[in-house]
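# Structural features, examined
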Amino acid sequence: MHPETKTASAVRAPTRRRTVASLRFGAAAVAALVGCTGSISSTVGSSGGPGSGLGTSPQCATAPLASGPAYIRRLTRWEYANTIADVLNVTGVDTASLLLPDIRANGFSNDYGGQLATPDHAAAYQAAADAVGAALSATPTWLTRFTACTQTVASCRDQVVSALGLHLFRRPATTAEVASFGGLFDTAVAAGKATAADAAAVVVRAMLQSPQFLYRLEVQAPPSAGAVARQVNDYEMASRLSYLVWSSAPDGVLLAAAQAGQLRTSDQIRAQVARMIALPHAREVAQRYFREWLSLDDLDNETRGAAFTPQLAADMKSQTLNDVGDQLWDKGQALLSILTTKTTLVTPALAQYYGLGAPSADGHYALDAVPGRVGMLTHAGVLTLNGDANASIVQRGLFMYRQLLCEDVPAPPPGATSVMLAPDTASQRFQSDARLAHEPCKSCHGQFDPLAYAFEPFDSMGGWQTKDVNGNTVRQDGWLTVPGSPNVPYAAVADYMSLLAKDTRVMSCIENRVTQFAWGRAMTAGDQCMLEDIGSRMNQAKSQNMADLIVAITSSPYFGYTSVQ
């Protein structure tokens, strides 16, 4: 298992296409961090206020700003590490390695469903806080980043606590918090901490173990009369923006905008997002999304025999992440171009694995001369992950159905997998044809098997093959089924990728998944209008790239509301 992310099968529930009306989500199960005082609660409801969607369906155009449930989320390991580095400027401490691996729920590590805290989490947070405190104590000038008042007198003490609270709690510290953490400051001084910096390091250790830091808390204030939700305040908006775009805490500019009440309008938010996406963390988050959406870290645990070395797995992972960073972020290409691109960034070893020629002067490899290689779905890593040792059409078809179309099917009925419709040595395509010729197999397999027909020429490690392991000739022709329309045939992999890039269901699914990543939960029927609004904004975007989708999500009025009771 990759050290950064575990998968909880019990909570890794599939999500559906954004127009689904039947999906329901269970009640929130949010627990206060073990060992910390106070309680954490979350409420579920719908938003109030007039909608302002762009070209949404009639029922959404006049509906309140209704969205699905809003859950409190704990910082992921990556968010924790980024926050420590960005806020405290601590270097030389690998905080992520001190924390427990995140559990992926609904496909993502930032989903609330995998964030139940345990005593082991509390112990890990203490260890991380102690390490950070020790690093700060070794840097006597660290406190000057927060305040020029560096004495141990009461007036300085309160300034120190307030400044630290603002940045670590992502909002102004309350009077009670200043008094409480100020008391700890005084205790540290009385125990022999001679400088304000040393006493403040003790305060930081306590703050880093508090729910105010570890959880992204939002005030559960009642909405206006007659409404069922409220607009988030400026500090809450700052955190929503920073953890979506950067996976880190708000910087000084965002906090200053929040203090000035300048995170309320669409223009103000757009201006901040434009600034934020130009900074390095935004690129890292774009790669993080694809890393989790495609389960790339699972390559670390795949077994395909002696030829599948850890270095080959690492090279496969880096290809997809580098192409995302290069093409979808640096070059700002349209999101769906990743399905049809004919260039890639690979290591020399992986280039040899693919049979590529020499790279261009800028390090890119052209894919035109090799058969079948076109776009991200033909990356060896993606093909390895979403097949099995037999390069199963079923497994690859299910991946396409779930991750590219946001659909799913129920588990097979008891005994179904033991039914022998074709010899084990038959080609994957022949076995699929047999399933589609019989009921009840056809009713389910007919939905997803054909989605993987183009991938039969790729073996279990994503290598090109003209015959499978049993000597059967492989095929790459097939058809794409579009509901309500005739099947659209294709002859080869490249033709299939072009069809997918034009299929509106694929773009809708990506919008769904990225919005899920932004909210930290699977989309529900209550999110229908929000997803329509985001989709409409994307349709009007100039480039329809990853940055445009971030703008569409953050500029949607739904992003600025929270459900309360």
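Only a predicted model underlies this, so the values are computations on that prediction, with no experimental measurement involved.

Overall, the coordinates contain 24 salt bridges when judged by the stated rule. Between Asp408 and Arg402 there is a salt bridge, with its nearest N and O atoms 2.7 Å apart. A network of salt bridges, in which partner residues are shared, links Arg291, Asp297, Asp300 and Lys317.

Here we come to the packing of aromatic side chains. What the rule picks out here adds up to 18 aromatic pairs. Between Phe108 and Tyr289 the ring centres are 5.7 Å apart and the planes differ by 20°, which places this aromatic pair in the stacked class. A residue pair is termed long-range when its members are at least 10 positions apart, and Phe108 in the loop between strand S2 (102-104) and helix H4 (119-137) and Tyr289 in helix H12 (residues 280-293) qualify at 181 residues. For the pair formed by Phe108 and Tyr289, the shared burial category is buried. Ring geometry for Tyr353 against Tyr354: centres 6.2 Å apart, planes inclined by 55°, an arrangement best described as tilted. Of the residues examined, Tyr354 reaches a relative accessible area of 8% and is grouped as buried. Ring-pair connections join several aromatic residues into one group, and the members of that group are Phe108, Tyr289, Phe290, Trp293 and Phe517.

This next bit is on the confidence of the model for the protein. Scored by pLDDT, the protein has a mean of 88; 88% of the residues are at 70 or more. Every residue in residues 7-53 is under pLDDT 50, and counting partners more than four places away or in other chains gives 140 contacts.

For the rest of this paragraph, the subject is the packing of helix H16 (residues 393-404) against helix H20 (residues 504-519). Here H16 crosses H20 at 70°, and the two axes come no closer than 8 Å. Judged by the angle between their axes, H16 and H20 are roughly perpendicular. Residues Arg402, Gln403 and Leu404 of H16 pack against Arg505, Val506, Cys509 and Arg513 of H20. Residues belonging to the contact of H16 with H20 are distributed by class as follows: three nonpolar, one polar and three charged.

This part covers the state of the cysteines. The tally for this structure, following the rule as stated, stands at three disulfides. Note that Cys149 is cross-linked by a disulfide to Cys156, the S-S spacing being 1.7 Å. Looking down the S-S bond of the Cys149 and Cys156 bridge, the torsion is -75°, so its handedness is left-handed. Cys156 gets classed as buried once you look at its relative accessible area, which sits at 4%. The disulfide that involves Cys406 links it to Cys509, with 2.0 Å between the sulfurs. An S-S torsion of about 85° defines the bridge between Cys406 and Cys509 as right-handed. Residue Cys406 is located in the loop between H16 and helix H17 (428-436), and its partner Cys509 is located in helix H20; the two are separated by 103 residues in the primary sequence. The class of Cys406 is buried, set by a relative accessible area of 1%. In the protein, the bonded cysteines, taken in the order they occur along the sequence, pair up as 1-6, 2-3, 4-5. Cys441 carries a free sulfur, and the closest cysteine sulfur to it, the one in Cys444, is 8.9 Å from it.

All right, on to empty space enclosed by the protein then. This model, assessed by the stated rule, comprises eight cavities of 30 Å³ or more. Size it by volume and the largest cavity reaches roughly 120 Å³. Lining the largest cavity are 14 residues, and of these Glu79, Asn110, Tyr243, Ser247 and Phe517 lie nearest its centre. Mapped by element, the contributors of at least two residues to the lining of the largest cavity are helix H2 (77-88), helix H9 (234-245), H12 and H20. Residue classes in the lining of the largest cavity are distributed as five nonpolar, four polar and five charged.

Moving on to the side chain of Asp234. Among the structural elements, Asp234 can be located in helix H9. You can call Asp234 buried: its relative accessible area is 11%. Side-chain polar atoms of Asp234 contact the backbone nitrogen of Leu263, separated by 2.9 Å.

Looking at where Tyr490 falls in the secondary structure, it is placed in strand S7 (residues 488-490). Spatially, the C-alpha atoms of Tyr490 and Gln476 are 8.6 Å apart, while their sequence positions differ by 14 residues. Excluding anything up to four places from it in sequence, Tyr490 contacts Pro450, Tyr453, Ala454, Gln476, Asp477, Gly478, Trp479, Leu480, Asp495, Tyr496 and Leu499.

Estimated volume of the second largest pocket: approximately 550 Å³. Contributing to the lining of the second largest pocket are 29 residues, with Arg216, Leu217, Glu218, Glu236 and Arg240 lying nearest its centre. Those elements that provide at least two residues to the lining of the second largest pocket are H9, H20 and strand S8 (561-563). Within the lining of the second largest pocket, the residues separate by chemical class into 13 nonpolar, eight polar and eight charged.

So, about the side chain of Thr515. Looking at the element boundaries, Thr515 is found in helix H20. With a relative accessible area of 0%, Thr515 lands in the buried category. Of the polar contacts made by the side chain of Thr515, one reaches the backbone oxygen of Glu511; its length is 2.7 Å. When near neighbours in sequence (up to four residues on either side) are disregarded, Thr515 contacts Met523, Met530, Leu531, Ile534 and Ile553.

What counts as what
- Residues numbered from 1 in each chain as written.
- Predicted model: local features only at pLDDT ≥ 70, side-chain atom pairs only at ≥ 80, totals over all residues.
- Heavy atoms only, no water.
- Salt bridge = Lys/Arg side-chain N within 4 Å of Asp/Glu carboxyl O.
- Phe/Tyr/Trp six-rings, centres within 6.5 Å; stacked < 30°, edge-to-face > 60°.
- Helix = DSSP H or I, 4+ residues; strand = E, 2+ residues; numbered from the N terminus.
- Buried < 20%, exposed > 50% of the residue type's maximum accessible area, 1.4 Å probe, protein only.
- pLDDT = per-residue confidence, 0-100.
- Contact = heavy atoms within 4.5 Å.
- Axes fitted to C-alpha atoms, helices over the stretch in contact; angles between N-to-C directions.
- Parallel < 35°, antiparallel > 145°, perpendicular 65-115°, else oblique.
- Nonpolar A, V, L, I, M, F, W, Y, C, P; charged D, E, K, R; others polar.
- Disulfide = S-S within 2.5 Å.
- 1 Å grid on protein atoms, 1.4 Å probe; cavity = no way out; pocket = protein on both sides within 12 Å on 5 of 7 lines; lining within 4 Å.
- Points joined across faces, edges and corners; volume = space filled by probe spheres on them.
- Polar contact = N/O pair within 3.5 Å; in protein donor to acceptor, adjacent residues only side chain to side chain.

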